[in-house]
Amino acid sequence: LERISMEIMMAKSKREVTCLTAQKGIYLARAGAHEAAVDISNQIRANFGMEIDAEIYTWLTLLEGIISFYSSASTREKNRILRAHAVAKAADRTDLQQYAAAWLAHQDFNSGNFRAMAAWLRESGLSEAINPSARIRSCLTVADAWQCVGDDQAAAFWYSVVRKTAAEIGDRASIMASIEN
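Residues numbered from 1 in each chain as written. Predicted model: local features only at pLDDT ≥ 70, side-chain atom pairs only at ≥ 80, totals over all residues. Heavy atoms only, no water.

> Even after reading the chapter, I still don't get the overall build of the protein, so can you show me in this structure?
Within the protein one finds 10 helices and zero strands. When the helices and strands of the protein are read in sequence order from the N terminus, they spell out α-α-α-α-α-α-α-α-α-α. Here the C-alpha atoms of the protein give a radius of gyration of 16 Å, agreeing with the 16 Å that 2.2 N^0.38 yields for 181 residues. Reported as C-alpha extents along the three principal axes, the dimensions of the protein are approximately 50 × 30 × 30 Å. Split into buried and exposed, the 181 residues of the protein put 48% on the buried side. (Helix = DSSP H or I, 4+ residues; strand = E, 2+ residues; numbered from the N terminus. Rg over C-alpha atoms; globule rule 2.2 N^0.38 Å. Buried < 20%, exposed > 50% of the residue type's maximum accessible area, 1.4 Å probe, protein only.)

Written out as structure tokens, the structure is:
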């Protein structure tokens, strides 16, 4: 959160500030600060209305999908993340496409759709993902899957990848998730 806040302060454009603010909202949603995350989503929508570019739309839709994921057990969040994925793909934003794919893999793991999970994980780039947050989310999903089938050694390896990447970017929420599992 500190890293993102610093990046926001150093951002050179309104667009960059907005994308980083959406990332801050995603972190807050993952950390359980849902009201603050919703406030960020509402602020972005109020600031841009229908005048929104593909990158901001993708971050905003990911934010709203992740807020929904942590606050309800509906398929609505998956639809939002599917839209974010489609826009990122159309805009040729591999980093955002991988991040959305990582979240889709996580959601399919949670719903027991392991075939779809595997397909999204391939698309996410796993430990080679461009976006470190995509790397973290996809590796966390792989670790959880290994743990689910009883292979604690394989799970430990993937959790260590999560911790290493999360430490590099200061993502305490992911470090805690990898330790708790």
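Next comes the rest of the write-up.
> How should the nonpolar core be read in this particular structure?
As a rule of thumb, nonpolar side chains are buried together in soluble globular proteins. Grouped together as the largest cluster of nonpolar side chains are 46 residues, with contacts concentrated most on Trp59, Leu62 and Tyr99. Those elements giving two or more residues to this core turn out to be helix H2 (14–30), helix H3 (34–48), helix H4 (54–71), helix H5 (76–90), helix H6 (94–110), helix H7 (114–124), helix H8 (132–148) and helix H9 (152–169). With sequence-adjacent residues up to four places away left out, leucine 62 is seen in contact with Ile26, Ile81, Ala84, Tyr99 and Ala100. Ile4, Ile8, Tyr27 and Ala173 belong to the second-largest nonpolar core, a separate cluster that totals six residues. (Core = buried A, V, L, I, M, F, W, Y, C linked by side-chain atoms within 4.5 Å. Contact = heavy atoms within 4.5 Å.)

> It is not clear to me how the side chain of threonine 58 should be interpreted in this structure. Could you clarify?
Structurally, threonine 58 can be placed in helix H4. For threonine 58, the residues in contact, after removing those within four places along its chain, are Ala84, Val87, Ala88 and Leu96.

> Help me understand unusual backbone geometry, please; the structure alone is not making it clear to me.
Apart from glycine, the bulk of residues carry a negative phi angle, and the bulk of peptide bonds sit in the trans form. Here aspartate 92, not a glycine, exhibits a phi torsion of approximately 60°, which is positive. With respect to the helices, strands and loops of the structure, aspartate 92 is situated in the loop between H5 and H6. Phi angles above zero are rare outside glycine, and leucine 126 is one such case at about 45°. For leucine 126, a relative accessible area of 25% gives the class partly exposed.

> What's the story with the packing of H8 against H9 in this structure? I'm lost.
Each packed pair of helices is defined by two parameters, the angle between the axes and the distance between the axes. At a minimum axis distance of 8 Å, the contact between H8 and H9 shows a crossing angle of 160°. Here H9 runs roughly antiparallel to H8, going by the angle between their axes. The two elements H8 and H9 cross, and the hand of that crossing is left-handed. Note on element contacts: H9 touches H8 through Asp152, Ala154, Ala155, Trp158, Tyr159, Val161, Val162, Thr165, Ala166, Glu168 and Ile169, opposite Pro132, Ser133, Arg135, Ile136, Cys139, Leu140, Val142, Ala143, Asp144, Trp146 and Gln147. (Axes fitted to C-alpha atoms, helices over the stretch in contact; angles between N-to-C directions. Parallel < 35°, antiparallel > 145°, perpendicular 65-115°, else oblique. Left-handed = near helix turned anticlockwise from the far one by under 90°.)

> Sorry if this is basic, but what is going on with the packing of aromatic side chains here?
Geometry of an aromatic ring pair is reported as the spacing of the ring centres plus the angle between the planes. In the structure shown here, the tally under the stated rule is six aromatic pairs. Between tyrosine 70 and tryptophan 103 the ring centres are 6.0 Å apart and the planes differ by 85°, which places this aromatic pair in the edge-to-face class. Here the residue tyrosine 70 occupies a position in helix H4, and tryptophan 103 occupies one in helix H6, the gap between them amounting to 33 residues. Residue tyrosine 70 is classed as partly exposed on the basis of its relative accessible area, which comes to 31%. (Phe/Tyr/Trp six-rings, centres within 6.5 Å; stacked < 30°, edge-to-face > 60°.)

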